[in-house]
Amino acid sequence: MKLIIAALVCLLLAGMWLQDADAKSMHVSSSNCCFITVKRKISPKRIQCYKNISSTCSYKNRLILKLTGGLEACVFQKESWVQAYLKKINLCQ
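Residues numbered from 1 in each chain as written. Predicted model: local features only at pLDDT ≥ 70, side-chain atom pairs only at ≥ 80, totals over all residues. Heavy atoms only, no water.

- Named according to an unreviewed UniProt entry, the protein is C-C motif chemokine 1 originating from Odocoileus virginianus.
- You can read under Sequence similarities (unreviewed entry) in the UniProt record for the protein the words "Belongs to the intercrine beta (chemokine CC) family." (UniProt positions renumbered as here; feature names shortened; annotations may be inferred.)

Right under this line is the structure:
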């Protein structure tokens, strides 16, 4: 009985540790790919930073903009307004 409890505690602790580990090193989540792209211009006040899509995504030439309120938006990297914003915003950490 004590062995079963010890094993369950170890599994619980391992699960908690994996949640804290860097998600990028563990797997590529769908949030690193763009499936629906915003075509309208987004207010620069709403943009916090940007990140590149994963190299494993099927759609290329897109970026993910992190917006206020925890939202994200996918945009075409070659749009003129996006290029102008990239000069003013930073890559997400």
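1. Remarks on the pattern of salt bridges
Two side chains bearing opposite charge may form a pair once their charged atoms approach each other closely.
Alright, step 1. Under the defined criterion, the tally for this structure stands at 2 salt bridges.
Alright, step 2. We note a salt bridge from Lys51 to Glu72, for which the minimum N-O separation is 3.4 Å. Remark: Glu72 occurs in strand β3 (residues 72–76) and Lys51 occurs in strand β1 (residues 47–52); sequence separation between them is 21 residues.
Alright, step 3. Relative accessible area serves as the criterion here: at 14%, Lys51 is assigned to the buried category. (Salt bridge = Lys/Arg side-chain N within 4 Å of Asp/Glu carboxyl O. Helix = DSSP H or I, 4+ residues; strand = E, 2+ residues; numbered from the N terminus. Buried < 20%, exposed > 50% of the residue type's maximum accessible area, 1.4 Å probe, protein only.)

2. Concerning the nonpolar core
Alright, step 1. The biggest cluster of nonpolar side chains holds 12 residues, and these are Ile42, Ile47, Tyr50, Leu63, Leu65, Leu67, Ala73, Val75, Trp81, Val82, Tyr85 and Ile89.
Alright, step 2. Within the residue set of this core, elements represented by two or more residues are β1, β2 (62–67), β3 and α3 (80–86).
Alright, step 3. Here Leu67 is in contact with Ile42, Arg46, Ile47, Gln48, Glu72 and Ala73, once residues within four sequence places are set aside.
Alright, step 4. Judged by nonpolar contacts, the second largest core, of 6 residues, contains Cys33, Cys34, Ile53 and Ile64. (Core = buried A, V, L, I, M, F, W, Y, C linked by side-chain atoms within 4.5 Å. Contact = heavy atoms within 4.5 Å.)

3. Regarding the sheet that holds β1
Alright, step 1. On the basis of which strands lie adjacent, the open sheet formed by 3 strands has the order β1-β2-β3 and antiparallel pairing. Sheet topology places β1 and β3 at the edges, where each strand pairs with a single neighbour. Averaged over all pairs of adjacent strands, the angle between their axes in this sheet comes to 30 degrees, without regard to strand direction.
Alright, step 2. Two strands pair when backbone bridges link them, and β1 and β2 are joined in this way by 5 bridges, in the antiparallel orientation. Bridging across to β2, Cys49 finds its partner in Lys66. (Pairing = 2+ DSSP bridges. Axes fitted to C-alpha atoms, helices over the stretch in contact; angles between N-to-C directions.)

4. Side note on the state of the cysteines
Alright, step 1. The final tally for this structure, using the stated rule, is 3 disulfides.
Alright, step 2. The disulfide partner of Cys33 is Cys57, and the S-S distance across this bridge is 1.9 Å. Measuring handedness by torsion sign, the sulfur bridge of Cys33 and Cys57 sits at about -90 degrees and is left-handed. Linking Cys33 in the loop between α2 (23–26) and β1 with Cys57 in the loop between β1 and β2, this pair joins segments that are 24 residues apart in sequence. Just as Cys33 is buried, Cys57 falls in that class too.
Alright, step 3. Cys49 shares a disulfide with Cys92; S-S distance 2.0 Å. Across the S-S bond of Cys49 and Cys92 the torsion is about 95 degrees, and the bridge reads as right-handed. Of this pair, Cys49 sits in strand β1 while Cys92 sits in the segment after α3, placing them 43 residues apart in sequence. (Disulfide = S-S within 2.5 Å.)

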